[in-house]
Amino acid sequence: MMINWTNSIWKTSKHSAFTDLCEFADKLFVSFREASDHMSQDGDIRIVTCDLFGKKINSTTLKMANCDLRDPKLTVMPDGKLLMTAYARCYDETGKWRHSRSLCWFSQDGLSWSSQHWFAEKNWWIWRIRWQGEQAYGFAYKRAQQQLNLYKGNPLRTFDCVKPNVLSLASHGLGYPNESDLCFMKNGDAYAVVRRDADSFTAQCGFSKPPYNRWQWFDLQQYIGAPVIISHGPENILICGRAWLNGKFKTALWQMNIETKKLILKVVLPSGGDCSYAGMVRYNEKIYVSYYSSHIDNQSHIYLAQLNL
């Protein structure tokens, strides 16, 4: 796998981070959070539209008063609309935290967005959703419980917990599972990769068959932060995320064989310091990856890369 190009598509004085990527209408849409810093209460969502060569076309923002909007994710719905999900930390007028909850918006063109729609339970973070037919699935986590729950539905209508305690410290002896992604193969089998931030800190790979209420878990034996995954033929999955390599954080891409659960490091993208939180899509036999990194001037910027398979 080779890197064709890597473009810096957004540089400002603000902290720009936590990206996602979607192909829509033959364009690339990159979403990310803009704020004063990593944990400030003033996070807005910016969406940058690029052509397939990484040239910026336009951008737009979504804002909400007294809300820190975090980790926006993009998917194309079965009816063809573009859907954005995010997690809002909500505060009162004095800056005191009230609650947090997932929310979403939809768009017909990627430029004009609907009003927000709240979904799922308060204080359970739906990290990312993936569509299987007419239904979306996603894992939610809550740090205090050290537990993942599986949700199903349509975020614009109902999105309910269908399988609690899919992975947890209490049931599996694996502490603090959190950021995750799902991938559905052509035969309907589901695979998941989950970050953990406790005990061994090693990521877990999950496997389940329809209706996805029984999961097997395998230890990937290394840390992967904010994983994003896509299928790569019938036997492999590509995983992109934050890696700990030679004592430094990098944004890396691995190939995982679904039978052996073995990882092969394929590419390390130009990155370092505060970095990663990637989006990844396959389009026209190319892999596109969005991510953020602070390796140039110690300030986080947004990058878009194209890779050959």
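Residues numbered from 1 in each chain as written. Predicted model: local features only at pLDDT ≥ 70, side-chain atom pairs only at ≥ 80, totals over all residues. Heavy atoms only, no water.

## Here's the deal with the pattern of salt bridges
At step 1: All told, the structure shown has 13 salt bridges when counted by the stated rule.
At step 2: Here Arg 70 and Asp 68 are joined by a salt bridge, their closest N and O atoms 2.8 Å apart.
At step 3: With a relative accessible area of 3%, Arg 70 lands in the buried category.
At step 4: For the salt bridge of Asp 189 with Lys 209, the shortest nitrogen-to-oxygen distance reads 3.1 Å. One end of the pair, Asp 189, is in the loop between strand E15 (177-184) and strand E16 (190-196); the other, Lys 209, is in the loop between strand E17 (204-208) and strand E18 (216-219), and 20 residues separate them in sequence.
At step 5: For Lys 209, a relative accessible area of 47% gives the class partly exposed. (Salt bridge = Lys/Arg side-chain N within 4 Å of Asp/Glu carboxyl O. Buried < 20%, exposed > 50% of the residue type's maximum accessible area, 1.4 Å probe, protein only. Helix = DSSP H or I, 4+ residues; strand = E, 2+ residues; numbered from the N terminus.)

## Focus on the sheet that holds strand E24 (residues 286-293)
Strand pairs in the sheet, formed through backbone hydrogen bonds, run parallel or antiparallel to each other.
At step 1: One open sheet accounts for 4 strands, arranged E1-E25-E24-E23; its pairing is antiparallel. Whereas interior strands pair on both sides, the edge strands pair on one side only; in this sheet they are strand E1 (2-10) and strand E23 (276-283). Each strand of the sheet is rotated relative to its neighbour by a mean of 20°, with strand direction disregarded.
At step 2: In the sheet, E1 pairs with strand E25 (residues 301-308) via 7 bridges, with the strands oriented antiparallel. By the bridge assignment for E25, Trp 5 is matched with Gln 306. (Pairing = 2+ DSSP bridges. Axes fitted to C-alpha atoms, helices over the stretch in contact; angles between N-to-C directions.)

## A look at unusual backbone geometry
Phi is mostly negative for residues that are not glycine, and the peptide bonds are mostly trans.
At step 1: The amide bond that connects Pro 210 to the next residue, Pro 211, takes the cis arrangement and shows omega of 5°.
At step 2: Along the chain, Pro 211 falls in the loop between E17 and E18.
At step 3: Positive phi, normally seen in glycine, also occurs at Asp 71, with a value near 50°.
At step 4: Looking at the secondary structure, you find Asp 71 in strand E6 (residues 67-76).
At step 5: Despite not being glycine, Tyr 176 has its phi angle at roughly 40°, a positive value.
At step 6: Here Tyr 176 shows up in the loop between helix H1 (169-172) and E15.

## Considering the environment of Phe 119
At step 1: By secondary structure assignment, the location of Phe 119 is in strand E9 (residues 117-119).
At step 2: Spatially, the C-alpha atoms of Phe 119 and Ser 102 are 5.7 Å apart, while their sequence positions differ by 17 residues.

## A closer look at the nonpolar core
At step 1: Membership of the largest hydrophobic core comes to 41 residues, with the highest contact counts inside it found for Phe 139 and Trp 215.
At step 2: Contact partners of Trp 215, with chain neighbours within four places excluded, come to Phe 139, Leu 150, Val 166, Leu 182, Ala 190, Ala 192, Gly 206, Phe 207 and Ser 208.
At step 3: Formed by 18 residues, the second largest nonpolar core is a distinct cluster that contains Leu 69, Cys 90, Trp 105 and Trp 113. (Core = buried A, V, L, I, M, F, W, Y, C linked by side-chain atoms within 4.5 Å. Contact = heavy atoms within 4.5 Å.)

## Observations concerning the sheet that holds E16
At step 1: Sheet architecture is open: 4 strands sit in the order E15-E16-E17-E18, paired in antiparallel fashion. The open sheet has two edge strands, E15 and E18, and neither has a second partner. Across the sheet, the mean angle separating the axes of adjacent strands is 25° when strand polarity is ignored.
At step 2: Bridge count between E17 and E18: 4 bridges; the pairing is antiparallel. Its bridge partner being in E18, Phe 207 is matched across the sheet by Gln 216.

## Some points on empty space enclosed by the protein
At step 1: A complete count under the given rule lists 1 cavity of 30 Å³ or more for this structure.
At step 2: The volume enclosed by the largest cavity comes to roughly 30 Å³.
At step 3: Considering the residues around the largest cavity, the lining is formed by Thr 19, Lys 73, Trp 127, Arg 128, Ala 226, Tyr 277 and Ala 278.
At step 4: Residues belonging to the lining of the largest cavity are distributed by class as follows: 4 nonpolar, 1 polar and 2 charged. (1 Å grid on protein atoms, 1.4 Å probe; cavity = no way out; pocket = protein on both sides within 12 Å on 5 of 7 lines; lining within 4 Å. Points joined across faces, edges and corners; volume = space filled by probe spheres on them. Nonpolar A, V, L, I, M, F, W, Y, C, P; charged D, E, K, R; others polar.)

## Details of the environment of Tyr 137
At step 1: Mapped onto the fold, Tyr 137 is located in strand E12 (residues 135-142).
At step 2: Apart from residues lying up to four places away in sequence, Tyr 137 is in contact with Arg 128, Ile 129, Arg 130, Gln 132, Leu 150, Tyr 151, Lys 152, Phe 159, Leu 182, Phe 184 and Tyr 212.

## With respect to the pairing of E12
At step 1: Of all 8 residues making up E12, 6 are buried, and the element is well covered by its neighbours.
At step 2: Here strand E10 (residues 125-126) pairs with E12 via 2 bridges, running antiparallel. Each bridged residue has a counterpart across the sheet, and for Trp 125 the counterpart in E12 is Tyr 141.
At step 3: Summarising the sheet, strand E11 (residues 130-132) and E12 pair through 3 bridges and their orientation is antiparallel. Bridge assignment links Trp 131 to a residue of E12, and that residue is Ala 136.
At step 4: The turn joining E11 and E12, which pair antiparallel and follow one another in sequence, is formed by 2 residues; a positive phi near 70° is taken by Gly 133.
At step 5: Relative to strand E13 (residues 147-153), E12 is paired through 7 bridges, and the arrangement is antiparallel. Each bridged residue has a counterpart across the sheet, and for Phe 139 the counterpart in E13 is Leu 150.

Any functional reading would require information beyond the geometric quantities listed.
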